[in-house]
Every structure is written in structure tokens, then in C-alpha cells.
Amino acid sequence: MFAGIRRWLPVVGLLSALAGVAACGKAAADEAASAPATADAGGGLDRVVRWGRDIRLEENDQVLTVFVHMERDPRGGFLVADQSENQIRRYDRNGRLLGHFGRRGEGPGEFSVLIHALPTRSGGVLAFNAFDRGTVFDSTGRVERTLRVPLESLYQARLRDDTLVLLAGDLPQRTPSPDRARLHVWSLPRGKVVRSFFQPRVRGRAHEWAANVAGIVAMDVRHDTVAAVFAISDTVYFFDRDGRALRKVPIPFRHFRPVSERRRLPQQDDIVAAREWVGTFSFICSVWWLRDGTLLVQYQDRVGIEPHWRLLAMTGEGASLFDVVETPYLIQVDPATDVLYFQKPQSPVPNVWTEATLRR
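Residues numbered from 1 in each chain as written. Predicted model: local features only at pLDDT ≥ 70, side-chain atom pairs only at ≥ 80, totals over all residues. Heavy atoms only, no water.

A separate point is the pattern of salt bridges. As enumerated under the stated definition, the model contains 23 salt bridges in all. Ionic pairing is found between Lys344 and Asp54, a salt bridge with its closest N-O pair at 2.8 Å. Here Lys344 is found in the loop between β25 (340-343) and β26 (352-358), whereas its partner Asp54 is found in strand β1 (residues 49-56), with 290 residues between them in sequence. Here Lys344 falls in the partly exposed class, since its relative accessible area comes to 28%. By relative accessible area, Asp54 is classed as partly exposed at 37%. The partner of Asp242 in a salt bridge is Arg244, and the shortest N-O contact between them spans 3.5 Å. (Salt bridge = Lys/Arg side-chain N within 4 Å of Asp/Glu carboxyl O. Helix = DSSP H or I, 4+ residues; strand = E, 2+ residues; numbered from the N terminus. Buried < 20%, exposed > 50% of the residue type's maximum accessible area, 1.4 Å probe, protein only.)

Okay, structure coming up:
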């Protein structure tokens, strides 16, 4: 069965969730370009966030914004990994381009699917290809080291310090199973996984398919505690820094559609039916942990390849604060200030962001 899944996984599954997220962003921008402006351009978020300034990322003949993952740069401004262009960029806080490096390819400093770029304490960058390797750059963008990352798919990475990295993704298995550890502590000096944990249970044939097709794992770290989510589970799981389970809290969704075991599964080679089937359930894409303990959960429904974003806020004990549908895409949350960075609502281009803060 799993071999069959893998045959259409790159089209509607892994690349739909990873590289296809770029298509999500582009589709959202294309849709916004033809949509009329409305008084509530935030898709219902106006009542729960205060909108701030816009930031336009500088572009030129060598730099075009398609779809980015962003981290705040400790030196000020933003560190951006453009997944479609396979390029890493530094911007100041106003969006002025300070420099760029990396490109498409298989050689040193090159990427086929650039998934994340993380600033290191030394001023350099640790960047990840989605499927096989990590690259350490110095502060000037010169390649210092290339490392094999032993994951068959990588969704997210967080630096615990300059020696240990928390990776969210799947280790290769001789006999694929949906019940697998999905968070891993990776030693940068040793270049190997030293600990794995977070094994969400998956039961039922449809859930097994969904876990292999849309099995995104996301996490955030606050002090010494990890908050983790699995795409098709309605729960936040908490662990200590060593991977010991602490507790789990149900997510108070109002609009989340679970995977149904009663719905007919698509044939293995029917890509159209597979895309339609993926559109029958919701899946979580991101989680952020704010300074006061509030958790933000971004999830989506799909119509074809187009995402429809939803954003939920909850307390650490599981009380609902809001659950809003048809929101703009939330790119990142600044862990130092709790500022939210959205792709600008109704913007026809993806290089314009809007800052926001939660109403308290």
C-alpha cells in the first residue's frame, strides 16, 4: 500500500505540502490580484488583531520573491529562504536587500528545495534542503560545511543552540509505517540524530494515507519546552528538551475537518481524485507560542491546489480565544515581540508583508 502512496506522493503529498506551499502562496497572491479590496481585507482577523505597517521586500534582476520562510535576524531585519528560488537573503527591518546567496542545484551551497535558513549565534546561517542535507554558511554567505541530514522529508528546523538542532520530519524506514517518531535532536558537530521522539498514533486506512500524504509536523520552543502538532491531529503535544512527554491539550477547533474513514480513497494513480480527496479534510501547517503562553495554530483547507488559510488562538490549557477562516497567510511570529508577519491581505504580489499584533 505504501509503495502505491509514494507513486503519487510527490504530486499531491510531500511536494504539495512543501514545495507546493510555494504554489499555495502564489495561488493566494494570484487570487488576491483579481479580488476586489474589502473593508475587512484580513478575512475576519480585524476584530482580533491590530494591523501595523507594511513592509515591501526589495527585488532586482537577481532577486524575485516567490514564497519565503522567514526568521528574524539577530543582527536586525529578516533572514529569508525563498523555497521556489532556492535563494537565501538578508533584509533590513524596512525590507531593503542587504545581500543574497545560494541557488538551485546539487553542489555546495545549492538547493533543490530550500526549506529553512536559520541564523546562528556566530552570525552565519544554517540552511536545509528538504530531503537530504544541511549547509553552514559564514556571515558573508561563503559555504563552510555541508552535512547530510538523515531525514527523508524535513518540514521545520529550530536551533536549540549552535550545536543542537530540533528537526521536524520523517526518518527513512525499511518498512514504512505511519506510527513513527517525527521530532529529532540533531547534533551539528557530529552530523547525526542523537534522539527521536513524538510518535503520534495513526489508526485507520484513510488516516494512514493522510499521514503519508499530508503528514506535516510543526513545533515551537519556549524556554525548555517543545509544543508540537501533527497535521491531521487535533491536539498540541508538549515535551521537555529531552523529548519526554509532559502533557497534551486538545485544540478547540470550530472549523477543522477531520479525516473520514468512511470516504472512499482514490486510486493510486488517479492524481485528480487524490487532490480532491486531500481537499476533504483540514491539516495543520504551523504552531507558534507567544510570550504569555498563547498558542497560535495555522491550518488550511484546500480546493484543488489552492489553500484556504485558518488561524486559531488558544490558551495553554486549551481554552479558545478565536478561530478565524479565510485569513491571509501568516509567515512568522517574532518570538521577542509577538509581532505577527502576514502576507499583506489582498496584495497582488508576495513581497509585501503586513505587521500585526493581537488585541488584548
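The subject of this paragraph is the environment of Arg89. In this structure, Arg89 sits in strand β4 (residues 87-91). Between the C-alpha atom of Arg89 and that of Leu79, which follows or precedes it by 10 residues, the distance is 5.9 Å. Once residues within four sequence positions are removed from consideration, Arg89 is found in contact with Val63, Leu64, Thr65, Val68, Phe78, Leu79, Val80, Asp82, Leu97, Gly99 and His100. Within the local environment of Arg89, its side chain forms a polar contact with the backbone oxygen of Leu64, the two atoms lying 3.0 Å apart. (Contact = heavy atoms within 4.5 Å. Polar contact = N/O pair within 3.5 Å; in protein donor to acceptor, adjacent residues only side chain to side chain.)

A separate point is the packing of aromatic side chains. Following the criterion strictly, the structure yields 18 aromatic pairs and no others. With a centroid separation of 5.0 Å and 50 degrees between ring planes, the pair formed by Phe198 and Tyr237 is classed as tilted. Pair noted here: Phe198 is in the loop between β15 (192-197) and α4 (205-213) and Tyr237 is in strand β18 (residues 235-240), with a separation of 39 residues, a long-range link. Here Tyr341 and Trp353 contribute two aromatic rings whose centre-to-centre distance is 6.4 Å and whose plane-to-plane angle is 70 degrees, an arrangement assigned as edge-to-face. With a gap of 12 residues between them, Tyr341 in strand β25 and Trp353 in strand β26 connect regions that are remote in the sequence. Here the aromatic residues Phe197, Phe198, Tyr237 and Phe239 are joined through ring pairs into a cluster of three or more. Of note, Arg247 hangs over the ring of Phe238, and the distance from its end group to the ring centre comes to 4.0 Å. (Phe/Tyr/Trp six-rings, centres within 6.5 Å; stacked < 30°, edge-to-face > 60°. Lys NZ or Arg CZ within 6 Å of the ring centre and 35° of its normal.)

It is worth spelling out the pairing of strand β5 (residues 97-101) at this point. As judged from the four bridges shared by β4 and β5, these two strands associate in the antiparallel manner. Counterpart to Arg89 in the pairing with β5 is His100. (Pairing = 2+ DSSP bridges.)

Looking now at the environment of Ile88. Examined against the element boundaries, Ile88 turns out to sit in strand β4. The spatial distance from the C-alpha of Ile88 to the C-alpha of Val63 is 9.8 Å, given a sequence separation of 25 residues.

Of the two faces of β25, the one lined by Leu340 and Phe342 and the one lined by Tyr341 and Gln343 are each fully buried. Bridge count for strand β24 (residues 330-333) against β25 is three bridges, and the pairing is antiparallel. For Gln332, the partnering residue across the bridge sits in β25 and is Tyr341. Between β24 and the antiparallel strand that follows it, β25, lie six residues; Asp338 among them carries a positive phi value of about 65 degrees. Pairing analysis gives four bridges linking β25 to β26, with the strands arranged antiparallel. Note that in β26 the partner of Tyr341 across the bridge is Glu355.

If you walk across this open sheet you meet the four strands as β20-β21-β22-β23, and the pairing is antiparallel. What marks the edges here is a single partner per strand, and that holds for β20 (283-289) and β23 (320-325). Sheet twist, expressed as the mean angle between neighbouring strand axes with direction ignored, is 20 degrees. In the sheet, β20 pairs with strand β21 (residues 295-303) via six bridges, with the strands oriented antiparallel. By the bridge assignment for β21, Trp288 is matched with Leu296. (Axes fitted to C-alpha atoms, helices over the stretch in contact; angles between N-to-C directions.)

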